[in-house]
Amino acid sequence: MTTITRFAPSPTGRLHVGNIRTALHNWLLARKAGGRFLLRIDDTDAERSRDEFVEAIREDLAWLGLSPDAEERQSQRMDKYEAAFDALKAVGRVYPAYETAQELELKRKIQLSRGLPPIYDRASLRLTADERAAKEAEGVAPHWRFKLDHEEPIRWEDGVRRMQKFDPAQLSDPVIRRADGSWLYMLPSAVDDLDMGVTDVLRGEDHVSNTAVQIQMFTALIAAQYPAQHIPRFAHEALLVGKEGKLSKRLGSLGCDAFRERGIEPEALIALLARLGTSQPVEPIADRTHLVETFDLSTFGRAPAKFDDTELERLNAAIVHSMDFAKVADRLPKGMDEAGWHAVRPNLSHVGEVEDWWKLVTGPIEQPEFSDEDRAYLAQAGEALEWGEDPWHALTGKLKETTGRKGKALFLPLRQALTGMDHGPDMAELLPLIGEKEARARLERAGTPPRS
Ligand code: GLU
């Protein structure tokens with residue numbers, strides 16, 4: 001059976017690190033199994049869902065290199081949910097409930113004050129046909145609950161949490177549809193997973209109790225409507241938290257676009273999120289195939305995964321340092337060739353900084369004020385400069401011999417004269433890029449006493 005996974009964001013905001021991680025893991029799971037990865041837009045909540053976010057989700061996934069094999073939208077599948085609802089109603093697994101939000105809240109408070117778990121008491125389920133008719137005659141439109149079967153134990157072998165067991169009598173019958181006819185998350189998601197043949201549901205552990213309820217929904221839907229389908233496998237990963245211990249507001253609201261604007265490479269984010277919270281080492285792995293091959297749910301831990309921005313920056317720098325010219329060519333300043341990229345790349349934490357370093361080559365540069373002694377030394381360097389295969393080593397070798405200078409005294413004034421900086425890319429790589437004519441001009445300028 002082909003593995004089919006899905007990433008099911010609600011288009012109510014941009015993707016944040018938590019969503020990106022879920023999308024990535026579903027993508028990796030599908031790719032490793034040679035299966036399919038679906039994007040399902042959970043937009044049943046018409047009020048909060050926005051088309052601009054659907055577009056942003058697509059863009060972010062494309063930027064991350066996690067393009068789906070197919071896309072579905074819940075808002076276009078309402079007839080499926082209606083049919084499933086009718087089928088479940090026909091077998092007595094859906095019932096109308098008439099309590100107002102305030103009544104439910106009051107019931108919960110009473111239960112809690114008595115030390116009881118706040119489980120829905122099924123008062124509406126016990127109403128007679130006459131009582132229901134009376135409610136409706138009063139103009140109370142019901143919302144709808146899925147009736148859990150208290151005799152059917154709930155258990156599944158979770159891909160991360162191992163064996164999970166729930167007693168259905170300890171769960172509330174979930175509301176699946178509001179009085180205005182709109183859908184809550186629970187039923188459409190189960191219908192879609194069956195209808196799309198999803199084999200693996202991998203999501204955050206905040207969904208564990210939804211899964212418990214949905215397992216019974218799956219069973220009921222398979223019996224009523226989808227005899228050829230199976231309940232998917234489930235895996236719930238530990239939540240992602242900030243360094244300080246919880247998914248802070250900042251991290252939770254930090255969209256994918258913010259990383260992009262900050263100059264984070266998608267590969268860095270992917271390398272971090274692929275292995276964060278697993279027993280495998282987080283490394284600057286830019287090769288997707290390697291991440292796919294080594295992806296393994298059994299290495300996922302139960303403790304919250306800690307997202308650390310410093311680690312992301314470190315990975316980003318490492319990834320930039322090994323990035324091929326072809327990969328960045330269209331983001332480089334005009335005229336910068338492969339040799340230029342290779343010379344400058346080790347100095348970058350973000351590709352965007354390349355502009356500033358490249359100015360050292362193209363000029364103009366600003367030299368510091370040199371002492372008389374250094375000025376004489378630099379004038380001498382201008383004369384000693386010979387342009388061959390490796391002008392930098394030829395020049396410094398010669399100057400070392402003729403001037404007796406070594407170390408910093410030998411190198412620093414040259415670097416300052418040739419680049420205007422105290423540090424930077426390897427001079428042996430940089431000098432040929434600056435070129436003979438410009439290098440001579442810079443040394444000459446540095447060696448000339450200022451006009452007083
Ligand atoms: N739209 C749901 C969410 O974003 C999807 C959960 C799921 O993967 O089933 O939480």
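Residues numbered from 1 in each chain as written. Predicted model: local features only at pLDDT ≥ 70, side-chain atom pairs only at ≥ 80, totals over all residues. Heavy atoms only, no water.

Participant: Could you give an account of the overall build of the protein, with specific residues and numbers?
Facilitator: When helices and strands are tallied, the protein shows 20 helices and 12 strands. Projected onto the principal axes, the alpha-carbon positions of the protein cover approximately 110 × 45 × 40 Å. Each of the 452 residues in the protein was classed as buried or not, and the buried ones make up 49%. Across the protein, the fraction of contacts at a sequence separation of at least 24, relative to all contacts at a separation of at least 6, is 75%. For the protein, the exposed surface amounts to about 22,000 Å²; the carbon and sulfur share of it is 51%. Taking the average location of the 61 positive side-chain charges in the protein and that of its 74 negative ones, the two points are 4 Å from each other. (Helix = DSSP H or I, 4+ residues; strand = E, 2+ residues; numbered from the N terminus. Buried < 20%, exposed > 50% of the residue type's maximum accessible area, 1.4 Å probe, protein only. Contact = heavy atoms within 4.5 Å. Areas by Shrake-Rupley, 256 points an atom, 1.4 Å probe, with all protein chains shown as cover. Lys, Arg positive; Asp, Glu negative; His and termini not counted. Charge placed at Lys NZ, Arg CZ, Asp CG, Glu CD.)

Participant: Break down the site of the ligand for me, citing the residues and quoting the values.
Facilitator: The ligand sits among Arg6, Ala8, Ser10, Asp42, Tyr185, Ser189, Arg203 and His207. Between an oxygen atom of the ligand and a side-chain N or O atom of histidine 207, the distance comes to 2.9 Å. For the ligand, the protein covers 78% of the area, taking 300 Å² as the surface of the free molecule. If you map the ligand onto the pockets, it falls in the largest pocket. In terms of residue class, the shell around the ligand is made up of two nonpolar, three polar and three charged. (Near = heavy atom within 4 Å. Polar contact = N/O pair within 3.5 Å; in protein donor to acceptor, adjacent residues only side chain to side chain. 1 Å grid on protein atoms, 1.4 Å probe; cavity = no way out; pocket = protein on both sides within 12 Å on 5 of 7 lines; lining within 4 Å. Sits in = over half its atoms within 2 Å of the grid points. Nonpolar A, V, L, I, M, F, W, Y, C, P; charged D, E, K, R; others polar.)

Participant: Can you lay out the pattern of salt bridges for me, pointing to particular residues and giving the numbers?
Facilitator: Per the stated rule, a full pass over the model turns up 37 salt bridges. Residue aspartate 45 is joined to arginine 48 by a salt bridge in which the shortest nitrogen-to-oxygen separation is 4.0 Å. Across the salt bridge formed by arginine 58 and glutamate 55, the nearest N and O atoms sit 2.9 Å from each other. In this pair, arginine 58 and glutamate 55 both sit in helix H2 (residues 51-64), three residues apart, roughly one turn of the helix. (Salt bridge = Lys/Arg side-chain N within 4 Å of Asp/Glu carboxyl O.)

Participant: Outline empty space enclosed by the protein, listing residues and values.
Facilitator: Summed over all chains, the structure comprises one cavity of 30 Å³ or more. Its volume calculated, the largest cavity comes out at about 40 Å³. Of the residues in the lining of the largest cavity, the class split is five nonpolar, three polar and two charged. (Points joined across faces, edges and corners; volume = space filled by probe spheres on them.)

Participant: Requested: an account of the packing of aromatic side chains, with residues and values cited.
Facilitator: One pass over the full model with this rule turns up nine aromatic pairs. On the numbers, 6.2 Å between centres and 75° between planes, the contact of tyrosine 81 with tryptophan 183 is edge-to-face. On the criterion of sequence distance, the pair formed by tyrosine 81 in helix H3 (residues 78-90) and tryptophan 183 in the loop between strand E8 (175-177) and helix H6 (186-195) is long-range, its members being 102 residues apart. Tryptophan 183 carries the same exposure label as tyrosine 81, and that label is buried. Aromatic ring contacts, followed pair by pair, group Tyr81, Phe85, Trp144 and Trp183 into a single cluster. Looking at arginine 177, its charged tip hangs above the ring of phenylalanine 85, at a distance of 4.8 Å from the centre. Taking the ring centre of tryptophan 183 as reference, the NZ or CZ of arginine 177 above it sits at 3.9 Å. (Phe/Tyr/Trp six-rings, centres within 6.5 Å; stacked < 30°, edge-to-face > 60°. Lys NZ or Arg CZ within 6 Å of the ring centre and 35° of its normal.)

Participant: Hey, could you go over the environment of alanine 62 for me, with residue numbers and the actual values?
Facilitator: Checked against the element boundaries, alanine 62 lands in helix H2. Residues alanine 62 and arginine 6, spaced 56 residues apart in sequence, show a C-alpha to C-alpha distance of 16 Å.

Participant: Could you give me a rundown of the pairing of strand E1 (residues 4-7), with the residues and numbers involved?
Facilitator: On E1, burial covers both faces: Ile4 and Arg6 on one face and Thr5 and Phe7 on the other are all buried. Pairing between E1 and strand E2 (residues 36-41): four bridges, direction parallel. Counted as the bridge partner of arginine 6 is leucine 38 from E2. Since E1 and E2 lie parallel, the crossover through helix H1 (residues 17-32) that links them has a hand, and here it is right-handed. (Pairing = 2+ DSSP bridges. Right-handed = clockwise from strand over helix to strand, strands pointing away.)

Participant: Could you give an account of the sheet that holds strand E4 (residues 94-97), naming the residues involved and the relevant values?
Facilitator: Pairing between the strands of a sheet comes from backbone hydrogen bonds, and it takes one of two forms, parallel or antiparallel. Read from one edge of the open sheet, three strands run E4-E5-E8, paired in antiparallel fashion. In this open sheet, the two edge strands, each paired with only one partner strand, are E4 and E8. Mean inter-strand twist for the sheet, computed between neighbouring axes without regard to direction, equals 45°. (Axes fitted to C-alpha atoms, helices over the stretch in contact; angles between N-to-C directions.)

Participant: I'd love a proper account of the pairing of strand E9 (residues 200-204), names of residues and values included.
Facilitator: If a strand is regular, its side chains alternate between the two faces of the sheet. For E9, the tally of buried residues reaches five of five residues, placing the bulk of the element in the interior. Bridge count for E9 against strand E10 (residues 233-237) is five bridges, and the pairing is parallel. Pairing of aspartate 200 across the sheet is with arginine 233, part of E10. A crossover connection joins E9 to the parallel E10 through helix H7 (residues 208-224); in handedness this β-α-β unit is right-handed.

Participant: Please provide a residue-by-residue account of the packing of helix H16 (residues 372-384) against helix H17 (residues 391-403), values included.
Facilitator: Contact geometry for H16 and H17: axes closest at 10 Å, N-to-C directions at 125°. Viewed along their axes, H16 and H17 adopt a mutual orientation that is oblique. Between H16 and H17 the crossing geometry is right-handed. Between H16 and H17, the residues in contact are Tyr377, Gln380, Ala381 and Ala384 and Leu395, Lys398, Leu399, Thr402 and Thr403, respectively. (Parallel < 35°, antiparallel > 145°, perpendicular 65-115°, else oblique. Left-handed = near helix turned anticlockwise from the far one by under 90°.)

Participant: Outline the packing of H17 against helix H19 (residues 427-434), supporting the account with residue identities and numerical values.
Facilitator: Packing of H17 against H19 brings their axes to within 7 Å, and their N-to-C directions diverge by 115°. Accordingly, the angle class assigned to the pair H17 and H19 is roughly perpendicular. Residue-level contacts link Pro391, Trp392 and His393 of H17 to Met427, Ala428, Leu431 and Pro432 of H19. In terms of residue class, the contact of H17 with H19 is made up of six nonpolar, one polar and no charged.

Purely geometric numbers; function is a separate question.
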